[in-house]
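# Per-entry structural report
These are the residues of each chain, in order.
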Amino acid sequence: MNLSQVLPTGALSCPWPTAIGATKVSGHRMAVSGYCVKKCGDSPQCHATDAPKGENLCGHGLSFFRHDVAGERITVFGLRGEKSKNNRNPAIKDALRGRSVTDAELGLWLGAIEKLLDQISGDFKSRQLEMLDPLHDPIRLAKQIQQVAEKVVLSSSGGASLDDAIEKASPELKSLVKAADLLSDSFDLLSIYFNPESASYSKSYYMSLHGLLRKLVGIFSISDIYAQGSDIPRIYLSGSFHRSVPLRESFKLVPFALITNAIKYCAEGPVRVTINELHHTVEVAVESVGPLIEPDELQNIFGKRYRGKWARKHSSGSGVGLYLADIVAKANGFTIKVRSSPKGRETNGIPMATNRFSFEIPLQGANT
Amino acid sequence: MDALIAWFKGLDWLANALAVLTPVIGIGAFIWRWRKKTSSIPKSFTELVESVIKTSLMPPSLKQIGQIAIVDDNISDFPVAELKRAGYNIKTYKHVSVSEFDEISKFDIIFLDMLDIVKDDPTEGGLKLIQTLRDKNSRQRICAVSSKKFDPAAIAFFKNADDAQNKPMSAQKCVQVIDAFLSEKLDPRMLAKELDTTTDLPSVEKRSLLAQLSESALKKAPLAMDRLPSGLTEKPRSLAMDLSRVLAV
């Protein structure tokens, strides 16, 4: 809940003139001082300064009080406090008449707001918990379906490994494995959406990065026989890196989210997944041709619910895939980089670009 | 008769020599035996482990030693039969009561569910149990197994564990977790190194412990808890017990 949006509504008691964010609210006990308006106009300068918490003196001789509530900076200004009460300037004395306030009075008011916010937050969390509780069984069942699908494919296709068995399986079985895998991974992402902390729960185990990517590419490449009319682009995996690296269980969700994103926005050509050993790191990149990401959008593309201008024109979406990938990447100790290189042409009025999402994993501790 | 007496009198030197040499030889033999005994005590735990591993025909299999508990109201979520066939020592509990917390804390590894596992407290029991286990046995390895990773209220439960996995668990995943934990907790070289570098072990207790562990390795019998030197704090005590179990295999 943003205090800067709630305070102006009058629903919360605001006894003194208060500035919060870009908002200025007049108090019900005392309005904004005419002296403040005369000296600072609509934007009280005291609110813009980096003053310490508690009572401070503004450049015009009036007291202002700085506090933080729920992460928002609050300035209660144009008042007579301990620091301004002995000011001899007649204009200021006049301006401060009847405008006394103490830090203790302010403390009571701010304390009450904090209690209210805590109560609202607590209630929200309880409601959220109630709504999420039914997820417990579906998550478990999705995992079970995934395991059963893999066992069925292994036993009926007779491959030496799961990848082999999927390769040899019938289209129906392939679709089953794909759907089961995507369902299980989607639930994992959902858990992270509601509880970002969960991305860092598990310990690290040595994983074959190439094996993991090969499996993901294999799964995504399976045509869904039941989705008529929807073509998925070809997905290629290239590059050679066959060492195992220590990674958390959640790591797989990063390439999962990036490949999902690339497939969704791929306007032409294939999706290319590459894995290459660099100096002391291994780089994984997912590249495809799709809607241009404008330069000023690049730093926001991992924000929750953020979607680029051209992506919005291309297709509908919720803007959480890259947000979740970013959370998981950070929990695993790396960041995702993005580059969008314009192709210099448009498709359906949307400028096209080669979009490349990549990340690097350190190689200390990698096994041969 | 006089000749006999004279003969004995002539042997005064022999009697004196025997009177002096006998205790000297005795003391010397005692010192030699004591030095032989104390020099056979390794100077460090690492030295002890290396000597045991060199002399044994097969290195200890941690699988044989490790004790694993699964605490979950739905045991079918775990491939128990498969794990037992593979040689792991598994004990399962659908529910535990508060009086069993002590027993549970003695396992090397626990797979622990969050809900409906503590009879006295079905909703919060798992969360309280994990904290109790941490307090009782800081070296125990705990794998939290619950589908409630989405729940922010469960953060403390998962963060208190050493690993977190979804259910149902496949045999492959179980083995991966167990082998990693066994290696972390019972690897003899790692245990020896920790004992050698711990500051919680005064030198007198260290020497006594080295002697006891050597003997226990020789006899292939793990040490009993009450035989450990009394000055040991919780962590070196736990390390020593684990090392003794490993060396006794």
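Residues numbered from 1 in each chain as written. Chains lettered and ligands numbered in written order. Predicted model: local features only at pLDDT ≥ 70, side-chain atom pairs only at ≥ 80, totals over all residues. Heavy atoms only, no water.

### A short note on unusual backbone geometry
Rules: Runs of H or I in DSSP of at least four residues are treated as helices and runs of E of at least two as strands, each being numbered from the N terminus.
With an omega dihedral of -5°, the bond running from Lys167 of chain B to Pro168 of chain B counts as a cis peptide bond. Note that Pro168 of chain B resides in the loop between β5 (163-165) and α9 (171-186). A positive phi angle, close to 65°, is found at Arg305 of chain A, a residue other than glycine. You can see Arg305 of chain A is positioned in the loop between β10 (281-291) and α11 (309-314). Not every positive phi belongs to a glycine, and Asn348 of chain A is a case in point at roughly 55°. When you line up the elements, Asn348 of chain A lands in the loop between β11 (336-347) and β12 (350-362).

### Here we look at a nonpolar patch on the surface
The following threshold applies: Each patch is assembled from residues with relative accessible area greater than 30% and no salt bridge, linking like charges that lie within 9 Å and nonpolar side chains (Val, Leu, Ile, Met, Phe, Trp, Tyr) that lie within 5 Å. All accessible areas in this document rest on Shrake-Rupley with a 1.4 Å probe, and a residue is counted as covered only by the protein chains that are shown. Here, a salt bridge means any side-chain nitrogen of Lys or Arg that lies within 4 Å of a carboxyl oxygen of Asp or Glu. Buried means the residue's accessible area, taken with a 1.4 Å probe over protein chains only, is under 20% of the maximum for its type, while exposed means over 50%, and partly exposed covers the values in between.
On the surface, Met1, Leu4, Ile5, Trp7 and Phe8 of chain B cluster together into a nonpolar patch covering about 610 Å² of accessible area. Residue Met1 of chain B is classed as exposed on the basis of its relative accessible area of 74%.

### Comments concerning the interface of chain A and chain B
Note the following rule: Any two residues whose heavy atoms approach within 4.5 Å at even a single point are treated as in contact. Reported buried area values correspond to the accessible surface (1.4 Å probe) lost by two parts on association, with both partners' losses combined. The term polar contact refers here to a pair of N or O atoms within 3.5 Å; inside protein, the definition further demands a hydrogen-donor-capable atom paired with an acceptor-capable atom, and it admits residues adjacent in sequence only when both atoms are side-chain atoms. Residues are grouped as follows: nonpolar covers Ala, Val, Leu, Ile, Met, Phe, Trp, Tyr, Cys and Pro; charged covers Asp, Glu, Lys and Arg; every other residue, Gly included, is treated as polar.
Contacts between the two partners involve 24 residues from chain A, matched on the other side by 28 residues from chain B. In total, about 2,300 Å² of surface goes out of reach between chain A and chain B, with carbon and sulfur atoms giving 56% of it. Area buried by chain A at its contact with chain B is led by Arg140, Tyr201 and Tyr205 of chain A, which between them contribute 31% of it. Linking chain A with chain B are five salt bridges, by the criterion used here. In this structure, Lys159 of chain B and Glu197 of chain A form a salt bridge, with 2.9 Å as the shortest nitrogen-oxygen distance. Linking chain A with chain B are 11 residue pairs in polar contact (both at pLDDT 80 or more). Where the side of chain A that touches chain B is concerned, the elements lending two or more residues are α5 (103-132), α6 (136-157), α8 (171-194) and β6 (204-208) of chain A. If one sorts the elements of the side of chain A that touches chain B by residue count, α6 of chain A sits on top with six residues. Its residues assigned to classes, the side of chain A that touches chain B comprises eight nonpolar, nine polar and seven charged.

All quantities given are derived from atomic positions and should not be read as evidence of function.
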